[in-house]
Amino acid sequence: MAVLQTTHLTLKPCRPEDRDDFIGLERDREVMRFLNGGYAIEPETVDPDATFLRPRGTEHHVWTARRTADGSFVGWFCLWPEGEALAELGYRLRRAEWGQGLGAEGAAALVDWGFRNAGYERVVATTMAVNRASRRVMEKIGLKYTRTVHAGLPDAIAGSEHGEVWYELTRAQWLSERERPS
């Protein structure tokens, strides 16, 4: 996996040394609100039914994001293969970094890498319908809303009754956006 550079971020393949930063994200109730209802997760807790990624620094397809200027931890991004031509985009940022455009900046870099270098034909991303900030990141980088799914989970969290939204971007759409004059 490559090191990716953006205006404000350096994204590097995650390492075991990133573990404590990743765990810090999982201990923040606001960061976890749309993933598990805002429960802080202890690092040694294992949940075989967890529906979200809990990186520990050894996972392929996960990049650690740090500010280029000072090396401070921002969060992580992933482009998880779901087949040869399909990958799922994911990200989690420290609350202090929200609202600064860093989610879109890092996600766009990863999607570009996925189409240019990894050979993906389609990138998808999902979030709770009520997670407006995450939806805005997806829209800002060109992903298009495709559907809402209502799973009816037994341990529903606040807002889950509105469903989970799916977004996607195809290589053809991505190329079309690149060719359009600014």
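Since this is a predicted model, take the numbers as computed values, not measurements.

**Side note on the overall build of the chain**
Alright, step 1. Secondary structure assignment for the chain yields five helices and eight strands.
Alright, step 2. Each helix and strand of the chain, ordered N terminal to C terminal, gives the series β-β-α-α-β-β-β-α-β-α-β-β-α.
Alright, step 3. Across the 182 residues of the chain, 44% fall into the buried class.
Alright, step 4. Restricting the contact set of the chain to residue pairs at least 6 apart, pairs at least 24 apart contribute 60%.
Alright, step 5. Counting every atom, the chain has about 10,000 Å² of accessible surface; 50% of that belongs to carbon and sulfur.

**Let's talk about the pattern of salt bridges**
Alright, step 1. Tallied over the full model, the rule gives eight salt bridges.
Alright, step 2. Across the pair E97 and R67 runs a salt bridge, and its minimum N-O distance is 2.9 Å. Of this pair, E97 sits in the loop between β5 (86–93) and α3 (102–116) while R67 is found in strand β3 (residues 62–67), placing the two residues 30 residues apart along the sequence.
Alright, step 3. In this structure, E121 engages R171 in a salt bridge whose closest nitrogen and oxygen atoms are separated by 3.1 Å.

**With respect to the environment of T10**
Alright, step 1. Here T10 lies in strand β2 (residues 9–13).
Alright, step 2. A sequence separation of 59 residues divides T10 from A69, and the C-alpha atoms of the two residues are 9.2 Å apart.
Alright, step 3. Every residue in contact with T10, bar those within four places of it in the chain, is listed here: V3, L4, Q5, T64, A65, R66 and T68.
Alright, step 4. Of note is the side chain of T10, whose polar atom sits 2.9 Å from the side chain of T68.

**Points about the sheet that holds strand β7 (residues 144–149)**
Alright, step 1. Strand order across the open sheet formed by eight strands is β1-β2-β3-β4-β5-β6-β8-β7, with mixed pairing between neighbours. Of all strands in the sheet, those with a lone pairing partner are β1 (4–5) and β7, marking the two edges.
Alright, step 2. Against the sheet, helix α1 (residues 19–26) contacts β3, β4 (73–81) and β5, and its axis sits at roughly 90 degrees relative to β4.
Alright, step 3. Of the strands in this sheet, β7 and β8 (164–170) touch helix α5 (residues 171–179), which is tilted by about 65 degrees from β8.

What counts and what doesn't
Residues numbered from 1 in each chain as written. Predicted model: local features only at pLDDT ≥ 70, side-chain atom pairs only at ≥ 80, totals over all residues. Heavy atoms only, no water. Helix = DSSP H or I, 4+ residues; strand = E, 2+ residues; numbered from the N terminus. Buried < 20%, exposed > 50% of the residue type's maximum accessible area, 1.4 Å probe, protein only. Contact = heavy atoms within 4.5 Å. Areas by Shrake-Rupley, 256 points an atom, 1.4 Å probe, with all protein chains shown as cover. Salt bridge = Lys/Arg side-chain N within 4 Å of Asp/Glu carboxyl O. Polar contact = N/O pair within 3.5 Å; in protein donor to acceptor, adjacent residues only side chain to side chain. Pairing = 2+ DSSP bridges. Axes fitted to C-alpha atoms, helices over the stretch in contact; angles between N-to-C directions.

The values reported here are purely geometric and, on their own, carry no functional implication.
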